[in-house]
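# Survey of secondary and tertiary structure
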Amino acid sequence: MNNYLPKVGVLLVVTNEADFLPVFCRSMINQTYKNIKLFVLDNNCEDNSIEIIKSFFLDVFIITSKENIGFAKGNNLLADEAIKSGCEFL
């Protein structure tokens, strides 16, 4: 029996989402599929969004931007990092 589980990268562009992140983080933790890696772009957050994410996940890849670079560019940056780290699905 083949027990191989492809690595899945979850890409999250965050701009001041503190109110919604606890629900998202709990949902990620409660997934039955466990070969998941979270990639986050801090898109110039001015709230505690990144601290909330860090409080839920020890193993998270975070890029910090000092300006809002937009959703598409942010996802492209995260996708590049996820692919480099061996993610097969995004």
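See the structure above.
Now for a look at the structure at hand. Just so we're clear, the structure is a prediction, and the values are computed from it rather than from any experiment. (Residues numbered from 1 in each chain as written. Predicted model: local features only at pLDDT ≥ 70, side-chain atom pairs only at ≥ 80, totals over all residues. Heavy atoms only, no water.)

Burial runs high along strand β2 (residues 36-43): seven of the eight residues are buried. Looking at chain direction, strand β1 (residues 8-14) and β2 are connected through seven bridges and run parallel. Bridge assignment links glycine 9 to a residue of β2, and that residue is lysine 37. Read from β1 through helix α1 (residues 21-29) to β2, the crossover connection turns out right-handed. With six bridges connecting them, β2 and strand β3 (residues 60-65) associate as parallel partners. (Buried < 20%, exposed > 50% of the residue type's maximum accessible area, 1.4 Å probe, protein only. Helix = DSSP H or I, 4+ residues; strand = E, 2+ residues; numbered from the N terminus. Pairing = 2+ DSSP bridges. Right-handed = clockwise from strand over helix to strand, strands pointing away.)

The next point concerns the sheet that holds β1. Across the sheet, three strands lie side by side as β1-β2-β3; this open sheet has parallel pairing. Edge positions in the sheet fall to β1 and β3, since each has one partner strand and no second. Neighbour-to-neighbour, the strand axes of this sheet turn through a mean angle of 15°, independent of strand direction. Where α1 meets the sheet, its contacts fall on β1 and β2, and the angle it forms with β1 comes to roughly 175°. Here helix α2 (residues 49-56) sits on the sheet and contacts β1, β2 and β3; the angle it forms with β2, its principal contact strand, is near 165°. (Axes fitted to C-alpha atoms, helices over the stretch in contact; angles between N-to-C directions. Contact = heavy atoms within 4.5 Å.)

Just geometry here; none of it tells us what the structure is for.
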